[in-house]
Amino acid sequence: MTIRHLDRLLEPASVAVVGASDRPGSVGATVWRNLRAGAFKGPVHAVNPSRSELDGQPCHATVGDLPAPPDLAVLCTPPATIPGLVAALGKIGTRAAIVMTAGLSAAQKQAVLDAARPHLLRILGPNCLGLLTPHLGLNASFSHTDALAGDIAFVSQSGALVTAVLDWAKSRRIGFSRMVSLGERSDVDFGDLLDWLASDRETRSILLYIESIESPRKFMSAARAAARNKPVIVVKAGRAGLGLRAAASHTGALAGSDIVFDAAIRRAGMLRVDTLAELFMAAETLARFGANRSRELVVMTNGGGAGVMAADAAEPAGVPLAALGPELLATLDAALPKTWSRANPIDIIGDAPVERYTATLRALLADTAQPAVLFCHAPTAIVRSEDIARACVPIVRDNPARVMACWLGDGSVAAARELFEDAGVADYATPEEAVHAFALLATYRRNQEQLLEAPTRTPAAAPDRAGARALIARALAAGRNWLSEADAKAVLAAYGIPVVPTVVVPPDAAAARAAARRFGYPVALKILSPDITHKSDVGGVALELGNDEAVGAAVDAMLARVRERRPDAQLDGFT
């Protein structure tokens, strides 16, 4: 892992576009237009041997003709030209390049890295959309629109998602410090960027869209360091369903690998979410509400329905609704009509004037024992939502990390929502979304606690390294890429890791029954075959077998299924 010269990539003082053109629909034309249309203050040079000028600016025939070495070069030329261009750029002093070109062969990708290495020139891509650094006005990409400036860094393995997120975020006034499309990650990858962004003064939170991790040690090291400094939120594709099964079948990966990734994310202090919408919701929650340490939630609303929706969402999300103490009940009794709910959610009744909102909010925030407050409001004709917001802003401004807001509706509450957002209050479209955000925050806190944990040092027997090495050596000598279940457990046991007692028996019902009796019922029975990685695909797993008859029947059924579905498979027996 290295952040060497990533500043030239992400904060360049000058840029050259190799393959710049004015041909409509070409990558070179789009990148050139984006760079020229932005507010980037540094020089932008064009390189194209077929042109002498472009948009009234000199166009250079080769990179060697540039008036000065650019910090960053954007390459939009055919695959065969890329290695030579990288070598030439390195020779003149350029230290970062974005390779947008797709279709490079494995040999060409290696040639690019070989050309870059002597100059420590960093490569983003190939086959990527590029990057945007909005506070510099830098749009070194072929995206269809620019990004608003903000404090969120978004790093994506998918270029298409970068353009989709740009559209989605712009309509919601969400700004970015950096947007990076990684492409095929021949050099710069998630680990490198996490390490750099961890200390980036422009970035307050880091969002990642990940499909695969090729360098897990580097990624985990960088992730743990970054998560100590600022929130890191991850969408990982391939969690379940057809996508996960397709990936497992295609790569031979364990179906449980997503569970491993999930555990690693938790241990590194990051937060995993399921959708892009959740990604940005979590970012806003952690930025505006992250200082809150409450374990419970109290809901105040002018409509009973909104309170019921929040309560319904809270239970399955594991969010406790706080009980109201006697002192708080007495204060609320004095401020609210006799028909108020006298419970959490606190229904202040639909005809509530401004004073009822402010009195309730003051009472809840004055009680230091009370948890976080979810402020829900549905518009009515009795009092304007904006007037309620203006009266409440001075109260919430002193306690933004205690309050979440849900202004139900759209146009009629837009001004009220904006007032609360300007006061630093996290805002949500529905009560369910707010409760879900609160649950995500609780998960994030637990993950941060795991990040700070260290394993206890307990006396243990010395590991049997020789035994473990011998098991692996035998598997390699037999040409196997996978350890069998029994061998894998033996390796774990050699290092003192508790495992379920497991024995291997021949493909024979009598042998399986004898082993089961030695263990004591119930037992699990699985086929053992070097040719079948996913045993359940051929019905090769039976659980909770309670007696000899059940074991015998399971053996016979499994043998029949394997002969039918995988007649080519070598069957070594059962575990």
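The structure under discussion appears in the preceding block.
As the structure is a prediction and not an experimental result, all values here were calculated from the model.

Reading the values: rules and limits
Residues numbered from 1 in each chain as written. Predicted model: local features only at pLDDT ≥ 70, side-chain atom pairs only at ≥ 80, totals over all residues. Heavy atoms only, no water. Buried < 20%, exposed > 50% of the residue type's maximum accessible area, 1.4 Å probe, protein only. Helix = DSSP H or I, 4+ residues; strand = E, 2+ residues; numbered from the N terminus. Pairing = 2+ DSSP bridges. Polar contact = N/O pair within 3.5 Å; in protein donor to acceptor, adjacent residues only side chain to side chain. Contact = heavy atoms within 4.5 Å. 1 Å grid on protein atoms, 1.4 Å probe; cavity = no way out; pocket = protein on both sides within 12 Å on 5 of 7 lines; lining within 4 Å. Points joined across faces, edges and corners; volume = space filled by probe spheres on them. Core = buried A, V, L, I, M, F, W, Y, C linked by side-chain atoms within 4.5 Å. Phe/Tyr/Trp six-rings, centres within 6.5 Å; stacked < 30°, edge-to-face > 60°. Arc of directions from axis to C-beta.

Novice: Please provide a residue-by-residue account of the pairing of strand E9 (residues 138-141), values included.
Specialist: Regular strands place their side chains on alternate faces of the sheet. The two faces of E9 match: Leu138 and Ala140 on one face and Asn139 and Ser141 on the other face are all buried. Pairing of strand E8 (residues 130-133) with E9, which is carried by 4 bridges, proceeds in the antiparallel orientation. Paired with threonine 133 across the two strands is leucine 138, which belongs to E9.

Novice: Kindly report on the sheet that holds strand E18 (residues 403-407), identifying the contributing residues and their values.
Specialist: Strands belonging to one sheet form pairs held by backbone hydrogen bonds; the direction of such a pair is parallel or antiparallel. Spatially, the 5 strands line up as an open sheet ordered E16-E15-E17-E18-E19, and their pairing is parallel. Looking at which strands have only one partner, the edges of the open sheet turn out to be strand E16 (346-347) and strand E19 (426-427). As paired elements, strand E15 (residues 297-301) and E16 share 2 bridges and run parallel to each other. Bridge pairing in E16 places methionine 300 opposite isoleucine 346.

Novice: Lay out helix H6 (residues 190-197) in plain terms, naming residues and giving numbers.
Specialist: Burial analysis of H6 places 7 of its 8 residues in the buried class, which makes it a mostly covered element. Where H6 is concerned, the buried positions are Phe190, Gly191, Asp192, Leu193, Leu194, Trp196 and Leu197. Capping the start of H6 is the job of one residue whose side-chain oxygen sits 3.2 Å from the backbone nitrogen of glycine 191: aspartate 189.

Novice: Mind laying out the environment of leucine 419, listing which residues take part and the relevant values?
Specialist: Along the chain, leucine 419 falls in helix H15 (residues 414-422). Setting aside chain neighbours within four positions, we find leucine 419 in contact with Glu386, Ala389, Arg390 and Val393.

Novice: Give me the lowdown on empty space enclosed by the protein, citing residues and values where you can.
Specialist: One simple way to see leftover space: roll a probe sized like a water molecule over the atoms. Under the defined criterion, the tally for this structure stands at 1 cavity of 30 Å³ or more. Considering only enclosed or pocket space, the largest cavity measures out at about 30 Å³ in volume. Considering the residues around the largest cavity, the lining is formed by Val99, Leu104, Lys109, Val112, Ile123, Pro126 and Ser186.

Novice: Just give me the short version of the nonpolar core, but keep the residues and values in it.
Specialist: In this structure, Leu9, Ile98, Leu124, Leu194, Leu208 and Met270 are the most contacted members of the largest nonpolar core, which totals 51 residues. Ignoring any residue separated from it by four or fewer positions in sequence, one finds isoleucine 98 in contact with Leu9, Leu72, Ala73, Val74, Leu75, Leu124, Cys128, Gly130, Leu131 and Ala140. By size, the runner-up hydrophobic cluster in this structure holds 49 residues, among which are Leu129, Leu286, Leu374 and Cys376.

Novice: Can you lay out the packing of aromatic side chains for me, pointing to particular residues and giving the numbers?
Specialist: Across all of its chains, the model carries 8 aromatic pairs by this definition. Here tyrosine 357 and phenylalanine 375 contribute two aromatic rings whose centre-to-centre distance is 5.9 Å and whose plane-to-plane angle is 40°, an arrangement assigned as tilted. Taken together, the residues tyrosine 357 in helix H13 (residues 354-366) and phenylalanine 375 in strand E17 (residues 372-377) connect sequence positions 18 residues apart. We classify phenylalanine 375 as buried; its relative accessible area is 0%. Aromatic side chains phenylalanine 375 and phenylalanine 420 sit 5.3 Å apart centroid to centroid with 45° between the ring planes, which places their arrangement in the tilted category. Of this pair, phenylalanine 375 sits in strand E17 while phenylalanine 420 sits in helix H15, placing them 45 residues apart in sequence. As far as burial versus exposure is concerned, phenylalanine 375 and phenylalanine 420 are alike and both buried.

Novice: Give me the lowdown on helix H4 (residues 106-116), citing residues and values where you can.
Specialist: Turning to H4, its buried residues number three or more, namely Val112, Leu113, Ala115 and Ala116. Viewed along the axis of H4, the buried residues span an arc of 165°, placing them on a single side of the element. Seen from the buried face of H4, the exposed residues on the opposite side, beyond 90 degrees, are Ala106 and Ala107. Turning to H4, the residues buried within the fold contact helix H3 (82-92) and strand E7 (122-124).

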